[in-house]
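# Architecture and fold: a report
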Amino acid sequence: MRLILQRMLAVVGLIVATASTADEFGDPKAGKKVYRKCSGCHQVGEGARHRVGPHLNGIFGRKAASHEGFKYSKAMVRAGDNGLEWHADTLDSFVENPRALTSGTRMSFPGLRKQKDRLDLIAYLRQFSDDPANIPEADPTASPVDHDLDPAILALEGDPEYGEYLSSECKTCHQSSGGDDGIPSIILWPEEDFVIAMHAYKNKKRPHPVMQMMAGRLNEEEIAALAAYFATLDNE
Amino acid sequence: MTFNRRAFIGTSAALAATLAAPMVRGQGKPRVVVIGGGAGGATAARYIAKDSKGAIDVTLIEPTRRYYTCFFSNLYLGGFKQMEDLGHSYGGLAAGGVNVVHDWAVGVDRAAKSVSLAGGGSVPYDKLILSPGIDFVEGAVEGWDLSAQNAMPHAYKAGSQTELLKAQLMAMPEGGTFAMVAPPNPYRCPPGPYERVSMVAHFLKANNPTAKIIVADPKPKFSKMGLFQEGWADHYEGMVDWIGEDFGGGNVSVDPGAMTVTIDGEVTKVDVANVIPAMKAGRIAELAGVTDGNWAPVNAADMSTKADADVYVLGDASSQGDMPKSGFSANSQAKVCANAVRGALTGSKIFPAKFSNTCWSLIATNDGVKVGATYEATPEKIAKVDGFISQTGESADLRKATYEESEGWYSGITSDMLG
Ligand SMILES: Cc1cc2nc3c(=O)[nH]c(=O)nc-3n(C[C@H](O)[C@H](O)[C@H](O)COP(=O)(O)OP(=O)(O)OC[C@H]3O[C@@H](n4cnc5c(N)ncnc54)[C@H](O)[C@@H]3O)c2cc1C
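Residues numbered from 1 in each chain as written. Chains lettered and ligands numbered in written order. Predicted model: local features only at pLDDT ≥ 70, side-chain atom pairs only at ≥ 80, totals over all residues. Heavy atoms only, no water.

## Things to note about the overall build of chain A
Our working definition: Per the convention used, a helix needs a DSSP run of H or I reaching at least four residues, while a strand needs a run of E reaching at least two, with both numbered from the N terminus. The buried label applies to any residue whose accessible area, calculated with a 1.4 Å probe on protein chains only, is under 20% of its type's maximum; exposed applies above 50%, and partly exposed to all values in between.
For chain A, the helix and strand inventory stands at 11 helices and 0 strands. Tracing chain A from N to C terminus, the helices and strands come up as α-α-α-α-α-α-α-α-α-α-α. Scored against the burial criterion, the 236 residues of chain A give a buried share of 48%.

## Side note on the pairing of strand β1 (residues 31-35) of chain B
Residue and element names in this part refer to chain B. Let me state the cut-off plainly: The criterion for strand pairing is that DSSP finds at least two bridges linking the strands in question. By convention, orient the strands away from the viewer: a clockwise path from the first strand over the helix to the second makes the crossover right-handed.
Buried residues dominate β1, accounting for 4 of its 5 residues. With 5 bridges connecting them, β1 and strand β2 (residues 57-61) associate as parallel partners. Of the residues in β2, the one forming a bridge with Arg31 is Asp57. With helix α2 (residues 39-52) bridging β1 and the parallel β2, this β-α-β connection has right-handed handedness.

## Quick look at the confidence of the model for chain A
Residue and element names in this part refer to chain A. Put simply, the test is: For every residue, the predictor reports its confidence as pLDDT, a number between 0 and 100. Two residues form a contact once any of their heavy atoms are found within 4.5 Å.
For chain A, the mean per-residue pLDDT works out to 81, and 82% of the residues sit at or above 70. Here helix α1 (residues 2-25) stands out as the element of chain A with the lowest mean pLDDT, 43, in contrast to helix α11 (residues 220-232), whose mean of 95 is the highest. pLDDT under 50 marks residues 132-142. Its contacts with residues more than four places away, or in other chains, come to 18 contacts.

## Considering the domain arrangement of chain A
All names here are of chain A. Quick note on the threshold: Marked domain ranges trace back to an automatic or database domain assignment. What makes a salt bridge here is a side-chain nitrogen of Lys or Arg within 4 Å of a carboxyl oxygen of Asp or Glu, nothing more. Whenever two N or O atoms come within 3.5 Å, that pair is a polar contact, provided that in protein one can donate a hydrogen and the other can accept it, and provided that, for residues adjacent in sequence, both atoms are side-chain atoms. Classes in brief: Ala, Val, Leu, Ile, Met, Phe, Trp, Tyr, Cys and Pro nonpolar; Asp, Glu, Lys and Arg charged; the others, Gly included, polar.
Domain boundaries in chain A define domain 1 (2-141) and domain 2 (151-231). Residue-level contacts link 9 residues of domain 1 with 12 residues of domain 2. The interface formed by domain 1 and domain 2 includes 1 salt bridge. Among the ionic pairs, Asp193 bridges to Arg51, the shortest N-O distance being 2.2 Å. Where domain 1 packs against domain 2, one counts 2 residue pairs in polar contact (both at pLDDT 80 or more). Here the residues of the side of domain 1 that touches domain 2 sort into 2 nonpolar, 3 polar and 4 charged.

## Some remarks on the side chain of Lys335 of chain B
Structurally, Lys335 of chain B can be placed in helix α10 (residues 327-346). When its relative accessible area of 5% is taken as the criterion, Lys335 of chain B is described as buried. Of the polar contacts made by the side chain of Lys335 of chain B, one reaches the side chain of Thr172 of chain A; its length is 2.8 Å. Beyond its immediate sequence surroundings of up to four residues, Lys335 of chain B is in contact with Tyr165, Ser168, Glu169, Lys171 and Thr172 of chain A together with Thr43, Tyr47 and Asp416 of chain B.

## Regarding the packing of helix α4 (residues 88-96) of chain A against helix α6 (residues 115-126) of chain A
All names here are of chain A. Heads up, the condition is: Where helices are involved, their axes are fitted lines through C-alpha atoms of the stretch in contact, as for all axes, and angles between N-to-C directions lie from 0 to 180°. Oblique is the label for any angle not covered by the other classes, which are roughly parallel (under 35 degrees), roughly antiparallel (over 145) and roughly perpendicular (65 to 115). Should the near helix be turned counterclockwise from the far one by less than a right angle, the crossing is left-handed, whereas a clockwise turn marks it as right-handed.
α6 packs onto α4 with a crossing angle of 130° between their chain directions and a minimal axis gap of 10 Å. Relative to α6, the element α4 is oriented oblique. Here α4 runs over α6; the crossing is right-handed. Across the interface between the two elements, Ala88, Leu91, Asp92, Val95 and Glu96 of α4 pack against Arg118, Leu119, Leu121 and Ile122 of α6. Of the residues contributing to the contact of α4 with α6, the split by class is 6 nonpolar, no polar and 3 charged.

## Observations regarding the domain arrangement of chain B
All names here are of chain B. Condition: Here the quantity called buried area is the accessible surface, traced with a 1.4 Å probe, that two parts lose on coming together, added over both.
Along its sequence, chain B is carved into domain 1 (7-135 + 280-352) and domain 2 (138-277). Placing the centre of domain 1 and that of domain 2 at their C-alpha centroids yields a distance of 31 Å. Between domain 1 and domain 2, the contact holds 20 residues from the first and 21 residues from the second. Both sides together, the interface formed by domain 1 and domain 2 hides about 1,800 Å², and carbon and sulfur atoms give 63% of it. In this structure, the salt-bridge partner of Asp316 is Arg188, at a minimum N-O distance of 2.6 Å. Where domain 1 meets domain 2, there are 8 residue pairs in polar contact (both at pLDDT 80 or more). Looking at the side of domain 1 that touches domain 2, the elements with two or more residues in it are α3 (73-78) and β10 (134-136). Counting residues per element, the side of domain 1 that touches domain 2 draws most heavily on α3, which supplies 6 residues. A per-class count over the side of domain 1 that touches domain 2 returns 10 nonpolar, 6 polar and 4 charged.

## Considering the site of the ligand
All names here are of chain B. Short version of the rule: Nearness is judged by heavy atoms alone; a residue qualifies as near a molecule or strand once a single heavy atom is within 4 Å of it. Under the convention used here, a 1.4 Å probe and the Shrake-Rupley method define accessible areas, while residue burial counts only the protein chains that appear.
In the region of the ligand, 36 residues are neighbours, and Glu62, Tyr67, Ser131, Arg188 and Asp316 sit closest. Here an oxygen atom of the ligand sits 2.6 Å away from a polar atom, N or O, in the side chain of Glu62. Protein chains shield 96% of the accessible area of the ligand, which is 1,000 Å² for the free molecule. Every element with two or more residues in the shell around the ligand is listed here: α2, α3 and α10. The greatest single-element share of the shell around the ligand, amounting to 3 residues, is contributed by α10. Here the shell around the ligand is composed, by residue class, of 19 nonpolar, 11 polar and 6 charged. In terms of domain composition, the shell around the ligand takes at least three residues from each of domain 1 (7-135 + 280-352) and domain 2 (138-277).

Here's what the structure looks like:
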């Protein structure tokens, strides 16, 4: 018991220590560059929408998993219910190692090891929250997903039943619960992002031999079907 | 795991109680019986029960109460996994509507469409799926038979054999010799023996660095050979002596009493001998009369056997064409089969067969490699479409990411099989 207590104190101590530095050193300009690592999944700034991840406007002071219209992992919802709020200190721990703070999060991101990167990133993100109110809104930075896919392909409507059958091939590696140890979660993505990602593998623009091979033999309807299916697959 | 009379007699009393269960069935529902709750059988049972939403009565016959995966069992030898990490219960399948019967299937009457159990009862079926894995070809390695598996373990079925091999590895004297007799093609998990060599070397390098590993191999080359040999040279220089077919690696006999291995006439006293004999389909496939030679030939479109349209064989026991015998392959074949069986019994839509496989192997800490391919069904066989393999000289970061990916795959496939 004493040991456990000591360990808990050590952890608390750590968070407090990072928190105090978090307030002091962040450089939002440098943070904008760090943010590129996040922009594949998250938008921030005017007009930002939920994509694979929720948008990050107004995140400071917000209860975890509380943005309207985004389906969070059960683990994140639970963390919010247990009182997790986003501030410099909690964001710092989360971004350092997402799964250490919230073990069941779907955020497939290994974490930022360097403390300076985290501080800069947090300073950057803080510009998009009302609090403190005296920080002016910055230019829109929501990064549009970069692609040159034929709009006709994006407009295809997928058959979720066919998608369910095809998905059995994905589920050997990608867990239907949304768990993501070592292999990213692919459930509840916006269909558009899913289709763009799969075509990027198919056209060998995104690197990864297994995914290039799997996407390579799926046709446009099949990719649309998978997107339709996974977009609605709620974590069991 | 050939049939052991003692085990039957020992457990039959306890089994009598559970036997009542399979005899009570839903009224008039189509019945699927699956023999073997491994990578192929568990997946098939789970998908049929899940997707038919109660319209099909699914019974799984599997003697063990926990499934220990062969996949990652080499990592246990290397010290990267614990035995508990490899064991999985059948509770998830039962909760998913599968009637799990812990017993051995000892016979299949294809005319009467029923399976007899070691415990004494029998279970009728409309469609029967066999996924019994492998057994060993008798007399394949001179001097070795199943009675020698304690002195010279195969550890090619996971569980107590794997633990035994690890215990022997740990007890090796300083500077001792670990010998492996590798199997001829085809066998389960083509990179398996060589991943094992890597994991044994990893263990010895840390605990017994002057020890040696000899591999007697009847094959001239093996899966991911370039990658493994590069890894052995980089991480375990001078420790591994691989003797291929060209140097008499196929001319082997063993003496379990004297603990010697004779390779091309040269007798070597060894401390551990890991004998992995030639393999064949699990014996129940032969008893069911669906094998031709060592394996059960199947149709690629739905995994039904050439011998009987109502009997299907999945995974290692099947002879299907180009897919390697792996857990990934068995899981992939099971989904194609589940879709076809459900369609045949309930009229649900049958989609075209698609297969895939990827095998990851660990060479040393954070040094993972992989090989994979996609396949399609042709009238003759399951035929390879496209493939890839890790390259020699890859960056340490990529190798680490590959290893982490394999851990993700392990969580993925075990929950996909067992719920
Ligand atoms: C060391 C090693 C490493 C491996 N690594 C990998 C890897 O990294 N990736 C990979 O994809 N594959 C790997 N494999 C291969 C993989 O384990 C097999 O290919 C896979 O388990 C085959 O599935 P299966 O359903 O055919 O047989 P199994 O999974 O062996 O299942 C057969 C089941 O049938 C049961 N059974 C047998 N006879 C009867 C009977 N008469 N009645 C009732 N039940 C019965 C058995 O108890 C068993 O549970 C490895 C294998 C080994 C040995």
